[in-house]
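Descriptive structure summary
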Protein chains: 2
Amino acid sequence: MNALGRHLLLELFDCDLDAINNVEAVKETLIEAAKRAQATIVDVVFHEFNPFGVSGVVVIAESHLSIHTWPEYRYAAVDIFSCGDALQPEVAACYLVEQFGAERTSVVEMQRGMFLRRTTPIVDKAAVAVS
Amino acid sequence: MNALGRHLLLELFDCDLDAINNVEAVKETLIEAAKRAQATIVDVVFHEFNPFGVSGVVVIAESHLSIHTWPEYRYAAVDIFSCGDALQPEVAACYLVEQFGAERTSVVEMQRGMFLRRTTPIVDKAAVAVS
């Protein structure tokens, strides 16, 4: 496929409540997932909501990982958007499923930026953040 | 549908090069899109890459908007992830298509966090960031 990006959409149900209810824990888990996927971390933003829930994004040179948790439903939505051949999004996905103790999961992969008629191969996006 | 979130995945092809190649311009456009969708902005992170491209996320109380641009292909991938009934992701999507001058677009909507057997209605995630 001549696509610029791969996008994994993870649905994590019946998660471990403690694992998805604490902003620091969720942040550390996402950062570790990014590292295990061989991503280059550029920025990290996480927020906790009242009364429940965590939202956060790990911006990586290869795109991003994001998460939104609904502890009251023991559910987390995770997106792993990546470009380039070096990154291993499946490694991050497996790690997150395990760490969040998700008992029921679904993963959908979308190709982003597909150029059907392009004959030359897609070149990786440069991985150096300048600002 | 008993879903916690709505997720629009926008593929924007043949964009206006100037509109997607400048980090400040892309940032302002995403922020304005979030405002027009009635979102409550919690955090904003944008980065420019060498030699091309912008990545950024607008974290909103209702989830997030993200963008990755490949000016060399005149392509941008946008995600609008929202929860709650108040937010109007379509308004943001239309604004972004117009502002980026995308001549060819595709939009896919995914339901996130669907509970098929749940009989009680889904309650909106609280919209107050506490950290």
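Just so we're clear, the structure is a prediction, and the values are computed from it rather than from any experiment. (Residues numbered from 1 in each chain as written. Chains lettered and ligands numbered in written order. Predicted model: local features only at pLDDT ≥ 70, side-chain atom pairs only at ≥ 80, totals over all residues. Heavy atoms only, no water.)

**Some thoughts on the interface of chain B and chain A**
Filter applied, for reference: Here a residue-residue contact requires only that any non-hydrogen atoms of the pair lie within 4.5 Å. Here's the idea: put two parts together, see how much 1.4 Å probe accessible area each one loses, and the total over both is what we call buried area. Each reported salt bridge corresponds to a side-chain nitrogen of Lys or Arg within 4 Å of a carboxyl oxygen of Asp or Glu. Pairs of N or O atoms are called polar contacts if they sit within 3.5 Å, as long as, within protein, a hydrogen donor faces a hydrogen acceptor (for residues adjacent in sequence, only side-chain-to-side-chain pairs). A helix here means a DSSP run of H or I that spans at least four residues, while a strand means a run of E at least two residues long, and both kinds are numbered starting from the N terminus.
In this assembly, 55 residues from chain B lie in contact with 55 residues from chain A. Carbon and sulfur atoms make up 63% of the area that chain B and chain A hide from each other, which totals about 4,300 Å². At the junction of chain B and chain A, the tally comes to four salt bridges. Across the pair A:Asp79 and B:Arg112 runs a salt bridge whose closest N-O atoms are separated by 3.1 Å. Where chain B touches chain A, the interface holds 16 residue pairs in polar contact (both at pLDDT 80 or more). At the level of secondary structure, the elements contributing two or more residues to the side of chain B that touches chain A comprise β1 (3-13), β2 (41-50), β3 (54-60), β4 (63-70), β5 (75-82), β6 (104-114) and β7 (128-129) of chain B.

**So, unusual backbone geometry**
Keep this limit in mind: Burial classification: accessible surface area is computed with a 1.4 Å probe over protein chains only, and a residue below 20% of its type maximum counts as buried, one above 50% as exposed, and the rest as partly exposed.
At the junction of A:Asn50 and A:Pro51, the peptide bond is cis and its omega measures out at 10 degrees in the coordinates. When you line up the elements, A:Pro51 lands in the loop between β2 (41-50) and β3 (54-60). Of note, A:Gln38 is a non-glycine position whose phi angle comes to about 75 degrees, a positive value. Inspection of the secondary structure puts A:Gln38 in the loop between α2 (23-36) and β2. Phi at B:Arg74 takes a positive value of approximately 50 degrees, unusual for a residue other than glycine. When you line up the elements, B:Arg74 lands in the loop between β4 and β5. On the basis of relative accessibility, which here comes to 33%, the residue B:Arg74 falls in the partly exposed class.

**Observations regarding α2(A)**
All names here are of chain A. Which entries qualify depends on this criterion: Expected helix span is computed as 1.5 Å times (number of residues minus one).
Helix length check: α2, at 14 residues, gives a terminal C-alpha distance of 20 Å against a target of 20 Å (1.5 Å per residue), a fit within 8%. Taken as a whole, α2 has its buried residues at Val-23, Val-26, Thr-29, Leu-30, Ile-31, Ala-33 and Ala-34. Its buried side turned inward, α2 meets α1 (17-21), β2, β3, β4 (63-70) and α3 (89-99). Taking the backbone nitrogen of Glu-24 as reference, a side-chain oxygen 2.9 Å away marks Asn-22 as the first, capping residue of α2. Of the residues one or two after α2, Gln-38 is the one with positive phi, at around 75 degrees.

**Observations regarding the relation of the copies chain B and chain A**
Spelled out, the test is: Our superposition of the copies is a least-squares fit, built on the C-alpha atoms of residues whose pLDDT is at least 70 in both.
With an RMSD of 0.0 Å, the operation that places chain B on chain A is a rotation of 180 degrees combined with a shift of 0.0 Å along the axis. Taken together, the turn and the small shift mark the pair as related by a two-fold rotation axis. Here 100% of the interface residues in chain B have copies in chain A that are interface residues too; the copies meet face to matching face.

**Topic: the pairing of β4(A)**
Residue and element names in this part refer to chain A. Filter applied, for reference: One requirement defines pairing of two strands: DSSP has to find at least two bridges between them.
The element β4 is extensively covered by neighbouring structure, given that eight of its eight residues are classed as buried. Sheet analysis places β3 next to β4, joined by six bridges and oriented antiparallel. Across the sheet, residue Gly-56 finds its bridge partner in β4, namely Ile-67. In this structure, the hairpin formed by β3 and β4 is closed by a connection of two residues. Relative to strand β5 (residues 75-82), β4 runs antiparallel, the two being bridged by eight bridges. By the bridge assignment, Ser-63 is partnered in β5 with Ser-82.

**Some points on α3(A)**
All names here are of chain A. What counts here: The arc in question is the one spanned by the directions pointing from the helix axis to the C-beta atoms.
All of the buried residues along α3 are Pro-89, Ala-92, Ala-93, Tyr-95 and Leu-96. All buried residues of α3 fall inside an arc of 165 degrees around its axis, so they share one side. Projecting away from the buried face of α3 at angles above 90 degrees are the exposed residues Cys-94 and Glu-98. Elements in contact with the buried residues of α3: β1 (3-13), α2, β4 and β5. Remark: Gly-101 follows α3 within two positions and exhibits a positive phi of approximately 60 degrees.

**Things to note about the packing of aromatic side chains**
Let me state the cut-off plainly: Stacked, tilted and edge-to-face pairs are distinguished by plane angle, under 30 degrees for stacked and over 60 for edge-to-face with tilted covering the rest, among Phe, Tyr and Trp rings (Trp via its six-membered ring) whose centres lie within 6.5 Å. Working rule: Lys NZ or Arg CZ, within 6 Å of ring centre, within 35 degrees of ring normal, means a charge sits over the ring.
Across all of its chains, the model carries 10 aromatic pairs over all chains by this definition. Between A:Tyr73 and B:Phe115, the aromatic rings sit 5.5 Å apart at their centres with planes inclined by 45 degrees, giving tilted as the arrangement. In this pair, A:Tyr73 sits in the loop between β4 and β5 while B:Phe115 sits in the loop between β6 and β7, so the two residues belong to two different chains. With respect to class, A:Tyr73 is no different from B:Phe115; both count as buried. Ring centres of B:Phe13 and B:Tyr75 lie 5.0 Å apart, and the angle between their planes is 40 degrees; this geometry places the pair in the tilted category. Here the residue B:Phe13 occupies a position in strand β1, and B:Tyr75 occupies one in strand β5, the gap between them amounting to 62 residues. Assessed through its relative accessible area of 0%, B:Tyr75 is described here as buried. Each member of the aromatic cluster is reached from another via a ring pair, and the members are A:Phe13, A:Trp70, A:Tyr73, A:Tyr75 and B:Phe115. Positioned above the aromatic ring of A:Phe13 is the side chain of A:Arg104, whose terminal nitrogen or guanidinium carbon lies 4.3 Å from the ring centre.

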